[in-house]
Every structure is written in structure tokens, then in C-alpha cells.
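Survey of secondary and tertiary structure
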Amino acid sequence: MLIEWSKDLETGVTFVDADHKVLINLLNQVDDCIDENEETTVLGSVLDALVEYTDYHFLREEKMMELCGYTGLGTHKATHRVLSTQVREVYEGFQADPASVRPIDIRDFLQSWLVDHIMGSDFAYRDTCVNDPDAADAAGQVSFLQNGKPFSEWEHIRVMLVDDNPNFRRLIRTILRAVGIKNIQIVESPDEGISRLADRPADVVLCDWVMDDMNGTEFARKVDELQLPTRVVMMTGYSIDVLKERSSDLGVAGYIEKPVKARTLLETISKVAMTVPMGVKLKV
Ligand SMILES: [Fe+2]
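Residues numbered from 1 in each chain as written. Predicted model: local features only at pLDDT ≥ 70, side-chain atom pairs only at ≥ 80, totals over all residues. Heavy atoms only, no water.

Focus on the overall build of the chain
This is how the line gets drawn: Helix and strand assignments follow DSSP, with helices taken as H or I runs no shorter than four residues and strands as E runs no shorter than two, numbered in order from the N terminus. A radius of gyration in this sense is built from C-alpha atoms; the matching globule rule multiplies 2.2 Å by the number of residues raised to 0.38. Throughout this description, buried means an accessible area under 20% of the type-specific maximum (1.4 Å probe, protein chains only), exposed means over 50%, and partly exposed covers the range between. Residues count as neighbours in contact if any of their non-hydrogen atoms are within 4.5 Å of one another. Each accessible area value is a Shrake-Rupley result obtained with a 1.4 Å probe; residue values ignore everything except the protein chains displayed when judging cover. A positive count includes Lys and Arg, and a negative count includes Asp and Glu. His and the chain ends are not counted in either. A single reference atom marks each charge: NZ on Lys, CZ on Arg, CG on Asp, CD on Glu.
Tallying secondary structure elements over the chain gives 10 helices and 5 strands in all. In terms of overall size, the chain behaves like a compact globule, its C-alpha atoms giving a radius of gyration of 20 Å where 284 residues would be expected to give roughly 19 Å. Across its three principal directions, the C-alpha atoms of the chain cover 60 × 45 × 30 Å. Considering the chain as a whole, with its 284 residues, one finds that 52% of them fall into the buried category. Long-range contacts, defined as pairs at least 24 residues apart, comprise 73% of the intrachain contacts of the chain with a sequence gap of at least 6. As presented, the chain carries roughly 13200 Å² of accessible surface, and 47% of it is formed by carbon and sulfur atoms. Taking the 30 positively charged and 48 negatively charged side chains of the chain as two groups, their mean positions are separated by 5 Å.

Laid out in C-alpha cells, this is it:
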């Protein structure tokens, strides 16, 4: 881990501080993946989340500054564009050549982000925006989902992740928490997932297709046998078409390709959770 969140970084605007924590987590995770020579689908997923969440954070921060009538908005937006381009270049470089992402690039970005941006530009709007809670509330409501509509059920959805890769597990936890999902079970093996489901239900189970002791289709079959109102979403770095063919009789509710895109993941969870029989889970 490169850096830990500290009080010194707090702006006092709740959603801004929460976003900054997510971004710092993601930067630390990129660094971990590089240090551990992690597989490219995992590093690709982390970088994608970093790009998507950076843009999302800037969008709502800019909305807040606009609603507050902050006079430094133009300059601040220009700084955002530079940071956005910087992180996108790292991602595009990775897509062209996964070995091109170097720890030094990530550390440089973190440096510009923390020292120059949060502690410089973001602290400059603090006095104006902290005193305008309505603006912060309105900006905090901007949805991370593509259609822009706020999705109000995150805090009620129960999600389990079954994946044998520690860096991938950390990433998914960061993404789920970022939108306010509170009930999260993270397990390393399908067996553990099956035994836990009986005691602590989940609306949606995200499951890796290829794992050491049991594959995802076997896992989905066992979940089926439990006859729980649980929906399984399968994730894979292999062909989704082949996966669909092999699990066609299992009632799998969704398929996600690795590298995972944070927005696609959350949109899939929100859609699938809404198909879980009523009265069992969400307080809609
Ligand atoms: Fe900013």
C-alpha cells in the first residue's frame, strides 16, 4: 500500500471525502497489482475502475462547485481535465501493452492527485462549499450508473462475491462499497460460498467461472439445488459465449466479462437484484 487516508486530506464535504477514499484505494490497488505481477484481467479491471471513478468524481465535484457559485470553477475544471487525461493515458498504454504500466506512473499520478489537487485545489473551495450543504447534497446524488438515474436500493442489496484472486476481491469490495452497498460477503472458494449462503442469504452472487476446487457452473448448480431466491452472475476472462453454452440450464442471471468495467458490474447487479422474488429481499 502506498498511502493511507488521513484527516489531513479531509475537505469536510462528505461525498467528496468518500470519493477521494475510493480513488486512493484504487491507486493503492493498481500499485499492489504491479508489485505482484498480477494477471492482466485484474490490473485491467482496477485501471478501468480508476478511470471511470475519476471521471464520475470530477462530474459531481464540478456540479457542486457550480451550484455553490464557486469563482474558481474554471481553473479547477482545467486541472480536472489534466488529471483525467493523465489517468486515461496510463489506461490506454496498458490496453496497448499491459507491461507499459509502471509503478512510477501510478506514484506520479498519486502525487499530483494528493498533494497538488486535494490539498491544493480542493481545499480552495472548502469554505464556499462546506457552507452550502444543499449544493453538496444535490451533487452527491449524481448517479454512477450510465443512465444517470439514482438507484436507491444499494443499501438493501445483499451481495456475495466468490473469487479466488485476492486483488480482484479487494477491487470488487471497493466498487460495491463506493455506491453504498453495505451487506457484502466476500469468500475465497465456492464451497465456502455454498455453506455461507444457507445462514446468510444473498440476493446476488458474483462468481468467477474458473476456480481451483470447483468451477462456476458447478457452483451455480449447487446454488440452484439450495432453492434460494439468489441470483448468480458469472464473471470470466474467457469467452462469454462458451460460458453461456455451458451454463444454459442453470438459470444464470447475468454474465460479466473480465476485465470488469465498474459501471457494467453495478448496472448488472442493480438489474439482477430487481428480479429476486419480492418480499424476500429488497425493501422497495
Ligand atoms: Fe477536484
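Observations concerning helix α8 (residues 216–226)
Here is the rule: The arc refers to the directions leading from the helix axis to the C-beta atoms.
Within α8, the full set of buried residues consists of G216, T217, F219, A220 and V223. Looking straight down α8, one finds its buried side chains confined to an arc of 155°; they lie on one side. Buried residues belonging to α8 abut β1 (158–162), α7 (190–199), β3 (204–208), β4 (231–236) and α9 (240–246). Just downstream of α8 lies Q227, where phi reads positive at about 55°.

Focus: the packing of helix α1 (residues 14–35) against helix α2 (residues 40–68)
How we decide: Convention adopted: a line fitted to C-alpha atoms gives each axis, helices being fitted over their contacting stretch, and angles between N-to-C directions are expressed from 0 to 180 degrees. Between 65 and 115 degrees an angle is taken as roughly perpendicular, under 35 as roughly parallel, over 145 as roughly antiparallel, and anywhere else as oblique. When the near helix sits turned anticlockwise from the far one by under a right angle, the crossing is termed left-handed; a clockwise turn instead gives a right-handed crossing. Note that Gly is not counted as nonpolar here; it falls among the polar residues with everything else outside the nonpolar set of Ala, Val, Leu, Ile, Met, Phe, Trp, Tyr, Cys and Pro and the charged set of Asp, Glu, Lys and Arg.
Packing of α1 against α2 brings their axes to within 9 Å, and their N-to-C directions diverge by 160°. Between α1 and α2, the angle falls in the class roughly antiparallel. Crossing geometry of α1 relative to α2 is assigned as left-handed. Broken down by class, the residue content of the contact of α1 with α2 amounts to 18 nonpolar, 4 polar and 3 charged.

Some details on a negative patch on the surface
Stated formally: Two joining distances apply to patches: 9 Å for like charges and 5 Å for nonpolar side chains (Val, Leu, Ile, Met, Phe, Trp, Tyr), and every residue must have over 30% relative accessible area and no salt bridge. Salt bridges are defined as contacts in which a side-chain nitrogen from Lys or Arg sits within 4 Å of a carboxyl oxygen from Asp or Glu.
Side chains of E39, D164, D191, D212 and D213 sit close together on the surface and give a patch of like negative charge. Here D212 is to be found in the loop between β3 and α8.

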